Amino acid sequence: MIPKNNFNSNYNENSDTKAKNILSPKLDVIFQILFGEVGSEKITKDFLSSMLSEEINEISLDENIILRREIPEEKMGIVDVLAKINNTEYCNIEMQLTNKKNLIKRMLYYWSKQYIKELKKGEDYKQLKRTIVILIADFEIEELKNIKYHSKWKIIEENERKYILTEDLEFHIIQLSKMYKLNAEGKEKKLIEWLYFLNNPESKEVQGYMKNNESMRQAKEKLDHMSDDKVVRRLAELREKAILDEREAEYTGYTKGKEEGVKEGVKLMAKKMKEEKITLETIMKITNLSKEEIEKL
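Residues numbered from 1 in each chain as written. Predicted model: local features only at pLDDT ≥ 70, side-chain atom pairs only at ≥ 80, totals over all residues. Heavy atoms only, no water.

Details of the pattern of salt bridges
Point 1. As enumerated under the stated definition, the model contains 18 salt bridges in all.
Point 2. A salt bridge links E202 to K220, with the nearest nitrogen and oxygen atoms 2.7 Å apart. Highlighted residues: E202 in the loop between α4 (189–199) and α5 (204–210) and K220 in helix α6 (residues 214–227), separated in sequence by 18 residues. Comparing E202 with K220, the two get one shared label, buried.
Point 3. With a shortest N-O distance of 3.8 Å, R234 and E237 are connected by a salt bridge. Remark: E237 and R234 occur in helix α7 (residues 230–275); sequence separation between them is three residues, near one turn of the helix.
Point 4. Note on E237: relative accessible area 44%, which makes it partly exposed. (Salt bridge = Lys/Arg side-chain N within 4 Å of Asp/Glu carboxyl O. Helix = DSSP H or I, 4+ residues; strand = E, 2+ residues; numbered from the N terminus. Buried < 20%, exposed > 50% of the residue type's maximum accessible area, 1.4 Å probe, protein only.)

Details of the pairing of strand β6 (residues 164–175)
Point 1. Here strand β4 (residues 131–137) runs beside β6; their pairing, made up of seven bridges, is parallel. Across the sheet, the residue bridging to I134 is H172, located in β6.
Point 2. Pairing geometry for strand β5 (residues 150–156) and β6, over six bridges, is antiparallel. Each bridged residue has a counterpart across the sheet, and for K152 the counterpart in β6 is H172. (Pairing = 2+ DSSP bridges.)

Here's the deal with unusual backbone geometry
Point 1. Even without being glycine, S53 reaches a positive phi, approximately 55°.
Point 2. Its place among the elements puts S53 in the loop between α2 (41–52) and β1 (59–60).

Some details on the sheet that holds β4
Point 1. Read from one edge to the other, the open sheet built from six strands follows the order β1-β2-β3-β4-β6-β5, with strand pairing classed as mixed. Both outer strands of the open sheet, β1 and β5, are each paired with one neighbouring strand and no more.
Point 2. The sheet contacts of helix α3 (residues 103–117) involve β2 (81–85), β3 (89–96), β4 and β6, and relative to β6 the element is tilted by about 130°. (Contact = heavy atoms within 4.5 Å. Axes fitted to C-alpha atoms, helices over the stretch in contact; angles between N-to-C directions.)

The analysis is restricted to geometry; functional conclusions fall outside its scope.
And the structure:
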């Protein structure tokens, strides 16, 4: 069965009403416009501060591509959010709805590309600055199934476990499926509130959170305006279709591969039965293979 469409998952089990046709901030193009456009600095600063557990004094979103125009479906590529924080460090945020292969290797690749990007030919390596990659996954990552919803990764000494080799590399991985039953309290309260916003900005919980979070109120207002923008809605539709087509192709390939695997297994069984001198009629009956197929084995 092809995975369900969760792009417009604007109904929360803790909410009494469905969302008013609002676009889902979990859809990557909507996430990029909401947090990556120039003008969203206050929103993104508050969100990143809750993620990194540190104060961000300055933030720049100037290097993000502009998505507020209708883009042909086949031109849609990576739509991450890139933020320059405190005037030196870079933070790349990726919202991922589909369970891609080699996610961790992809994160390393994106980090390495961004890390060396600012180093000009002939410059000293000391010019390299901390680079952060954040992955927000709307699914459970197989390699991290025993890790909590928010994990932070650095290079550490294997035996001591506390000695960090460098602060330049930093990964944050969010598995949204693991945090919905958590209470928004404690030191991670603000981050959990933002993640609930991503899941369903119309829920009663989020309405309560917005009373004490001006940045979240601003994000909700912007999302409302985006949802009324015909170009943005068209952009979201194109992206949804592209992702659904990708999922269907992956599912078709998986099903075809599974069927071929079963058939090869049946042939192997028939071959062994032949070697044991079992009659052709019996092999045909058990395996449903034709006489010609069995004779070729």
